[in-house]
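The primary structure of each chain is shown beneath.
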Amino acid sequence: MRTLDYADGVITMIDQTALPEQETWLEIATVEDLVGAIKRLSVRGAPALGVAGAYGVVIAARAHSPVDEPDAFDTAINRIRSARPTAVNLGYAVDRVAPIARAHGLEAAEVEAHRIRDEELASSIAMGDNGADLIAELVGGDAVRAMTICNTGGLAAVERGTALAVVQTLHERGQLTEAIPLETRPLLQGGRLTTWELQRMGAPFRLIVDSAGPFLLSRDAADVVLIGADRIAANGDTANKIGSFSLALAAAHANVPFIVVAPESTIDMGTPSGEGIEIEDRGVAEVAGVRDFSWTPANIDTINPAFDVTPASLITAIVTDTRVVRVGEGEAL
Ligand code: MRU
């Protein structure tokens, strides 16, 4: 299922905040609406943010000609670029399309944005194959129990996904015993979105609460941990959904392979290590309650990092669309 696309000045995307209760499609034709959709997580997941950002530049160029209104165009694309700070794909895609819009105009920008979308689609298929092949090598092939966090499926990457693409490929090859998604507090991307995608693909799974993950790894409940990434630093340190680092520590303790699955576009060679990755703090409301309901006393403070950073030393391998890099064994990106 294609979860985001563009035609004639309009981005069409499934509203991820409404799932799984409702399958609502949004039509976005302004930069303001796109920035709002990104901030409230109607579109989320690093590769999907990249594709949305690429089409966002096209929408910006339609509203403000980069030649006739360069300042207005730059302001618009900077708003898109900074809507969420951690996923590198957003800035990467904006920075690819914007110079083409400036130099060659709207049609060329559209072509480049479509190219980014098509690259992500092809990447998802390749990551699925590369990841499933690696798992066959590491844990033997035909009865894999895969633990995963957040949502890394087609919702997060337009089609198929990253870590969940590997789960899907294992399932299609008849090698998946079960997926074990973590619910992923505070916004429940695992409980709401990954369960919805696993059900649609007909894959067996059992949902767990986040704090059960490390314990279940210590009790031999999974053969592999698969996560996506929002930004991979040059040394392999990986920013991903909060809770990934705890899983990596527990996987190392239990001697379970911990595999990061991400397209090449998520690797940020300009950031030397995880210390340089900006981590978004999403504020009080998500920790203090859900939607309009709050379970805390009024006026409390929270710490709400949306992501954490797993050091490369805890990562068995990074699987991309083109390669497998065993960073835990000292291989370099
Ligand atoms: O805050 P989110 O839902 O955008 O976080 C997404 C993740 O952490 C994903 O694991 C990551 O973007 C990789 S998705 C293919």
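The structure we're discussing is the one just above.
Not measured: the values here are computed from a predicted model. (Residues numbered from 1 in each chain as written. Predicted model: local features only at pLDDT ≥ 70, side-chain atom pairs only at ≥ 80, totals over all residues. Heavy atoms only, no water.)

J.: Quick rundown of the overall build of the chain? Include the residues and the values.
T.: Scanning the chain from terminus to terminus reveals 11 helices and 15 strands. Dimensions of the chain, computed from C-alpha atoms along their principal axes, come out at roughly 60 × 50 × 40 Å. The long-range share in the chain, meaning contacts at least 24 apart out of those at least 6 apart in sequence, stands at 74%. Just so you have it, the chain exposes about 13,400 Å², and 51% of that area is on carbon and sulfur atoms. A distance of 2 Å separates the average location of the 26 positive side-chain charges in the chain from that of its 46 negative side-chain charges. (Helix = DSSP H or I, 4+ residues; strand = E, 2+ residues; numbered from the N terminus. Contact = heavy atoms within 4.5 Å. Areas by Shrake-Rupley, 256 points an atom, 1.4 Å probe, with all protein chains shown as cover. Lys, Arg positive; Asp, Glu negative; His and termini not counted. Charge placed at Lys NZ, Arg CZ, Asp CG, Glu CD.)

J.: Summarise the sheet that holds strand β10 (residues 267-268); cite the residues concerned and give the values.
T.: Spatially, the four strands line up as an open sheet ordered β10-β7-β8-β13, and their pairing is mixed. Two strands bound the open sheet, and with one partner strand each, they are β10 and β13 (307-310). Those strands touched by helix α10 (residues 244-254) are β8 (238-241) and β13, and its axis lies near 30° from that of β13. (Pairing = 2+ DSSP bridges. Axes fitted to C-alpha atoms, helices over the stretch in contact; angles between N-to-C directions.)

J.: If you had to explain the pattern of salt bridges to someone new, which residues and values would you point to?
T.: Side chains carrying opposite charge are able to pair once their charged atoms draw close together. Overall, the coordinates contain 24 salt bridges when judged by the stated rule. Two residues, R84 and E280, come together in a salt bridge whose shortest N-O distance is 2.9 Å. Separated by 196 residues along the polypeptide, R84 in the loop between α3 (70-81) and α4 (88-104) and E280 in the loop between β10 and α11 (285-288) bring together distant segments of the chain. A salt bridge links R282 to E286; its shortest N-O distance comes to 2.7 Å. When salt bridges that share partners are traced, they join R2, D5, R117, D118 and E159 into one network. (Salt bridge = Lys/Arg side-chain N within 4 Å of Asp/Glu carboxyl O.)

J.: Run through the sheet that holds strand β15 (residues 324-325), naming residues and quoting values.
T.: Judged by pairing direction, the sheet is mixed, and its six strands sit side by side in the order β5-β4-β6-β9-β14-β15 without closing on themselves. The sheet is open, and its two edges are formed by β5 (176-181) and β15, each paired on a single side. When strand β6 (residues 224-227) meets strand β9 (residues 258-261), the two strands line up parallel, connected through three bridges. Following the sheet pairing, I227 is matched in β9 by V260.

J.: I'd like a rundown of the side chain of S244, residues and numbers included.
T.: By the element assignment, S244 lies in helix α10. Overall, the relative accessible area of 1% leaves S244 in the buried class. With sequence-adjacent residues up to four places away left out, S244 is seen in contact with I149, I227, F258, D308 and T310. (Buried < 20%, exposed > 50% of the residue type's maximum accessible area, 1.4 Å probe, protein only.)

J.: Let's hear about α4: which residues, and what values?
T.: In a regular helix each residue adds 1.5 Å, so 17 residues correspond to 24 Å; α4 covers 25 Å between its end C-alpha atoms and thus fits that length. Restricting attention to buried positions, one finds in α4 the residues V88, N89, L90, G91, A93, V94, R96, V97, A98 and A101. Of the surrounding elements, those touching the buried residues of α4 are α1 (31-39), α2 (46-63), α3, α5 (106-139), β7 (231-233) and β10. Among the residues trailing α4, G105 stands out with phi positive, at a value near 95°. (Expected span 1.5 Å × (residues − 1).)

J.: Please provide a residue-by-residue account of the environment of F258, values included.
T.: Position of F258 among the secondary structure elements: in strand β9. When the C-alpha atoms of F258 and L188 are compared, they prove to be 22 Å apart, with 70 residues separating the residues in sequence. Once residues lying within four places of it in the same chain are set aside, the contact partners of F258 are V225, I227, S244, L247, A248, A251, T310, L314, I315, T316 and A317.

J.: I'd like a rundown of the packing of aromatic side chains, residues and numbers included.
T.: Applying the stated criterion across every chain, the model contains two aromatic pairs. Taking the centre distance of 4.9 Å and the plane angle of 10° together, the rings of Y6 and Y55 count as stacked. Linking Y6 in strand β1 (residues 4-7) with Y55 in helix α2, this pair joins segments that are 49 residues apart in sequence. Positioned above the aromatic ring of F307, the side-chain terminus of K241 is 4.4 Å from the ring centre. (Phe/Tyr/Trp six-rings, centres within 6.5 Å; stacked < 30°, edge-to-face > 60°. Lys NZ or Arg CZ within 6 Å of the ring centre and 35° of its normal.)

J.: Account for the layout of surface pockets, with residues named and values stated.
T.: Approximately 390 Å³ is the volume found for the largest pocket. Forming the walls of the largest pocket are 14 residues, and the residues nearest its centre are P186, L187, E286, V290 and R291. In the lining of the largest pocket, the residues fall into six nonpolar, two polar and six charged. Taken as a whole, the second largest pocket encloses approximately 270 Å³ of empty space. In terms of lining, the second largest pocket is formed by 14 residues, of which the most central are M1, G154, R160, Q168 and E197. (1 Å grid on protein atoms, 1.4 Å probe; cavity = no way out; pocket = protein on both sides within 12 Å on 5 of 7 lines; lining within 4 Å. Points joined across faces, edges and corners; volume = space filled by probe spheres on them. Nonpolar A, V, L, I, M, F, W, Y, C, P; charged D, E, K, R; others polar.)

Scope: geometric values only; no functional claims are made or implied.
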